[in-house]
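The lines below spell out each chain.
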Amino acid sequence: QLQFVESGGGLVQPGGSLRLSCAASGFTLDNYAMGWFRQAPGKEREGIGCIGRSGVSTNYVDSVKGRFTISRDNAKNTVYLQMNSLKPEDTARYYCAVSQYCFVKDIRSAWGQGTQVTVSS
């Protein structure tokens, strides 16, 4: 399975920013569209956005649109999630994975441990 390691989470105040990283190991990341997902307490895991192989195309759910930006550096085999204007409702564990149809995880991709983002004052 394709595996990724998420990092960069932490505690941040409302309105703050955080950048998450998603590192791939053992394969070439640029072959895959990538998605970011999150799971808040008591809720199902949801896809929040995706980025195409080249990084040109991105798409986001309405709840994060305009605040979150997905980017990728294929040379570094890494995908990023820049989160700005964070809200308490963004509190969740965040995951990355190979994306199908943007908001669905590709079955070839395994869930990693994710990284916890907590937005609180």
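Figured I'd write up the structure that's included with this text. No experiment lies behind these values; they were computed from the predicted model shown.

### Let's talk about the packing of aromatic side chains
And then number 1: Within this structure, the stated rule accounts for 4 aromatic pairs.
And then number 2: Judged by centre distance (5.3 Å) and plane angle (90 degrees), the ring pair of F4 and F27 falls under edge-to-face. You can see F4 sitting in strand β1 (residues 4–7) and its partner F27 sitting in the loop between β3 (18–24) and β4 (34–39), a full 23 residues away along the chain. In this pair, the class of F4 matches that of F27, namely buried.
And then number 3: Residues Y95 and W111 carry aromatic rings whose centres are separated by 5.7 Å and whose planes lie at 70 degrees to one another, so their mutual orientation is edge-to-face.

### Some points on the sheet that holds β1
And then number 1: Pairing is antiparallel across the open sheet formed by 4 strands, whose spatial order is β1-β3-β8-β7. Both edges of this open sheet fall to β1 and β7 (68–73), since each of them pairs with a single strand only. On average, each strand axis in the sheet is tilted by 15 degrees relative to the strand beside it, whichever way the strands run.
And then number 2: Sheet topology note: the β7/strand β8 (residues 78–83) ladder contains 6 bridges and is antiparallel. Across the sheet, T69 pairs through a bridge with Q82, a residue of β8.

### Here's the deal with the state of the cysteines
And then number 1: On inspection of all chains with the given rule, the structure shows 2 disulfides.
And then number 2: In this model, C22 is linked to C96 through a disulfide, with the two sulfur atoms separated by 1.8 Å. Here C22 and C96 share a disulfide; its torsion about the S-S bond, 75 degrees, makes the bridge right-handed. Of this pair, C22 sits in strand β3 while C96 sits in strand β9 (residues 92–100), placing them 74 residues apart in sequence. Comparing C22 with C96 shows no difference in burial state: the two are buried.
And then number 3: Covalently, C50 is tied to C102 through a disulfide, its sulfur atoms 1.9 Å apart.

Parameters and conventions
- Once a new chain begins, its residue numbering starts again from 1 and follows that chain's sequence as written.
- pLDDT decides what is reported in this predicted model: residues at 70 or higher carry local features, side-chain atom pairs at 80 or more are listed and counted, and totals for whole chains, interfaces and linings draw on all residues regardless.
- With hydrogens and water set aside, each side-chain value is computed from the structure's full complement of heavy atoms.
- For this analysis, a ring pair means two rings from Phe, Tyr or Trp (six-membered ring only for Trp) whose centres lie within 6.5 Å, classed as stacked if their planes differ by under 30 degrees, edge-to-face if by over 60, and tilted for the remaining angles.
- Helix and strand labels come from DSSP, where a helix needs a run of H or I of at least four residues and a strand needs a run of E of at least two; each type is numbered from the N terminus.
- Exposure is judged per residue with a 1.4 Å probe applied to protein chains only, and the accessible area is read against the type maximum: over 50% gives exposed, under 20% gives buried, and values in between give partly exposed.
- Between any two strands, at least two bridges found by DSSP are needed for them to pair.
- Structural elements are reduced to axes, namely lines fitted to C-alpha atoms, with helices fitted over the stretch in contact, and the angle between N-to-C directions of any two is expressed from 0 to 180 degrees.
- The criterion for a disulfide is a pair of cysteine sulfur atoms lying within 2.5 Å.

Just geometry here; none of it tells us what the structure is for.
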